[in-house]
Amino acid sequence: MDQLAVRVENLSKVYRLGEHITVSETLFQQLGVLALKPINRMLGRAPSGEAVPLLKALDNISFDVPTGQTLGIIGHNGAGKSTLLKILSRITEPSSGRIGVRGRMASLLEVGTGFHPDLSGRDNVFLNAAILGMPKREIQRRFDDIVAFAEMESFIDTPIKHYSTGMRVRLAFAVAAHLDPDILIIDEVLAVGDAEFQKRCLNRIEAVGESGRTVLFVSHQLNTVSRLCQRTLVMDHGHIVHDAGTLESIRYYNERLGMARSYNSWTPEESPSRPFLTLHEVEILLDGVRVDGAIDVRRDIDVRIRFSANEEGHELSPCLQIFDSSGNWVFVSLDPDPAWQRTKRPKGDYESLVTIPGNLLNEGMYSVSVSIGTHDVYYKYCFAHDCVAFSVYDSMEPGNTRGGYTGELPGPVRPALRWQSRRIT
């Protein structure tokens, strides 16, 4: 049996919702509330004595990770992925169960965790690396490599509070990636930043895995999971519902958990947005009506995106990304209209409608990701990962692209190409 890097046994995490402390008028009443609080918590009651609703973020999960394995963890928002990684990283305590970790561990769960806004980038590298367990001599030895990886040479002595979100991501990832930990834990940090930075991050994660160290990687970008991970857990409502090779797990996720999601919306607080931008809705339409069920391969498919510019003066270019059931990129589409390219938008509400032509996609399940950002050297202001999904089927009726052929046609696309065949002799 391979030596284990991580062992999780019967792990649960329960949160109490809506718990509050009643404001009391006298010191005697306040002391009474404090005295009863441990008893009420033990009984699952609010300070008033009423029952407190419970949320099981994790529900009795168990799994092992052999040393040297890159493990992917996927699932919808609220599935328990981030809670699991926070427990493994010792950021929060479990309600019950046990975890065992062998070796030095580094975690990159939230952008800039451990950064102090008033300190310079240089000082924060030393502070953040020390928090993650790197000795000062080792930090000094690796400092130039960290700064070069993050491409922060010109800003390293500038206070962090003046950094953009992308700059913080680059520096935070560079520190964590240069720890050379035995176990590296990463939670969806590649959704921010430009394509070149993401490429360097992926190459670094691959190098960590190929060197025989262990990686736990949470992402909504299924193509990235399929590239990096040999094995993937699928989580749903605090449970591990599938544990297999990555491609098999991605198929399970798309077919069992990804179907019939033709609409997704966010409140302003939940939206993957910026202060100047709010993403509201994404939906799949057929002839202006929201999709209900699988779609005939011959039909045009519309994707509608609604968002708001909350202030003046930002370039807001929507982008559509389509992935197949194996997590492979099928295509990416930007609005080519010159009126939308390189133009700063006035404040207001916006809607983009993009049409995927019929007789383009092959049969199967497809997930949709939507982003809004700049047009040149595309930078994502917000990214809604795997926000909606749809299924395409072939009715085998006349007029399709297969003619009379009834076998399987491989590949994610099956376009209606123009053919001209004739006898020449």
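Here the structure is a predicted model, which means the values were calculated and not measured. (Residues numbered from 1 in each chain as written. Predicted model: local features only at pLDDT ≥ 70, side-chain atom pairs only at ≥ 80, totals over all residues. Heavy atoms only, no water.)

The next subject is the overall build of the chain. Of the regular secondary structure elements, the chain holds eight helices and 21 strands. Scored against the burial criterion, the 425 residues of the chain give a buried share of 48%. Excluding contacts between residues fewer than 6 apart, the proportion of contacts in the chain whose partners are at least 24 apart in sequence is 70%. Accessible surface, the chain: about 21,500 Å² in total, of which carbon and sulfur atoms supply 51%. (Helix = DSSP H or I, 4+ residues; strand = E, 2+ residues; numbered from the N terminus. Buried < 20%, exposed > 50% of the residue type's maximum accessible area, 1.4 Å probe, protein only. Contact = heavy atoms within 4.5 Å. Areas by Shrake-Rupley, 256 points an atom, 1.4 Å probe, with all protein chains shown as cover.)

For the structure shown, the criterion picks out six aromatic pairs. With 6.0 Å between their ring centres and 25° between their planes, Phe149 and Phe173 make a pair best called stacked. Remark: Phe173 occurs in helix 5 (residues 165-177) and Phe149 occurs in helix 4 (residues 136-150); sequence separation between them is 24 residues. Residue classification places Phe149 among the buried residues on the basis of a relative accessible area of 14%. Pairing Phe307 with Tyr350 gives two aromatic rings, centres 5.6 Å apart and planes at 15°, and the pair type is stacked. With a gap of 43 residues between them, Phe307 in strand 14 (residues 301-309) and Tyr350 in strand 19 (residues 348-356) connect regions that are remote in the sequence. Accessibility classification places Phe307 together with Tyr350 in one group, the buried group. When the ring centre of Tyr263 is taken as reference, the NZ or CZ atom of Arg290 above it lies at 3.9 Å. (Phe/Tyr/Trp six-rings, centres within 6.5 Å; stacked < 30°, edge-to-face > 60°. Lys NZ or Arg CZ within 6 Å of the ring centre and 35° of its normal.)

Let us now look at helix 3 (residues 121-131). For helix 3, the full list of buried residues reads Gly121, Asn124, Val125, Asn128 and Ala129. Viewed end-on, helix 3 has its buried residues packed into an arc of 125°, placing them on one side of the element. Buried residues in helix 3 make contact with helix 4 and helix 5. (Arc of directions from axis to C-beta.)

Moving on: the side chain of His242. Structurally, His242 can be placed in strand 9 (residues 239-245). Here His242 falls in the buried class, since its relative accessible area comes to 18%. Setting aside its immediate chain neighbours within four residues, His242 contacts Thr232, Leu233, Val234, Glu248, Ser249 and Tyr252.

Note that side chains of opposite charge can pair when their charged atoms are close. Applying the stated criterion to the full structure yields 15 salt bridges. A salt bridge links Arg414 to Glu363; the nearest nitrogen and oxygen atoms lie 4.0 Å apart. In this pair, Arg414 is assigned in the segment after strand 21 (380-393) and Glu363 in the loop between strand 19 and strand 20 (364-373), connecting sequence segments 51 residues apart. For Arg414, a relative accessible area of 7% translates into the label buried. Note on Glu363: relative accessible area 36%, which makes it partly exposed. Connected via shared salt-bridge partners are Arg104, Glu138 and Arg142. (Salt bridge = Lys/Arg side-chain N within 4 Å of Asp/Glu carboxyl O.)

Let us now look at the sheet that holds strand 5 (residues 105-108). Taking strand neighbours across the sheet as the criterion, the six strands line up as 5-6-7-3-8-9 in an open arrangement whose pairing is mixed. Pairing within the sheet leaves two strands with one partner each, and these edge strands are strand 5 and strand 9. Taken over all neighbouring pairs, the strand axes of this sheet differ in orientation by 15° on average, direction set aside. Where strand 8 (residues 231-236) lies against strand 9, six bridges are found, and the strand directions are antiparallel. Across the sheet, residue Arg231 finds its bridge partner in strand 9, namely Gly245. Packing against the sheet, helix 5 makes contact with strand 5 and strand 6 (183-187), and its axis sits at approximately 165° to strand 5. (Pairing = 2+ DSSP bridges. Axes fitted to C-alpha atoms, helices over the stretch in contact; angles between N-to-C directions.)

Let us now look at the nonpolar core. If you look at soluble globular proteins, the nonpolar side chains tend to sit buried side by side. Ranked by internal contacts, the top residues of the largest apolar core, which has 45 residues, are Ile74, Val125, Met152, Leu171, Phe173, Ile205 and Phe217. Among the elements that line this core, the one with the most residues is helix 5, at nine residues. Dropping the residues within four chain positions of it, Leu171 is found in contact with Phe115, Gly121, Val125, Ala150, Met152, Ile156, Ile160 and Tyr163. Counting residues in hydrophobic clusters, the runner-up holds 35 residues, among them Ile295, Val330, Trp340 and Val370. (Core = buried A, V, L, I, M, F, W, Y, C linked by side-chain atoms within 4.5 Å.)

The topology assignment puts Val413 in the segment after strand 21. Assessed through its relative accessible area of 34%, Val413 is described here as partly exposed. Each C-alpha atom of the pair Val413 and Leu361 lies 4.2 Å from the other, and the pair is 52 residues apart in sequence. Contact partners of Val413, with chain neighbours within four places excluded, come to Val330, Leu360, Leu361 and Asn362.

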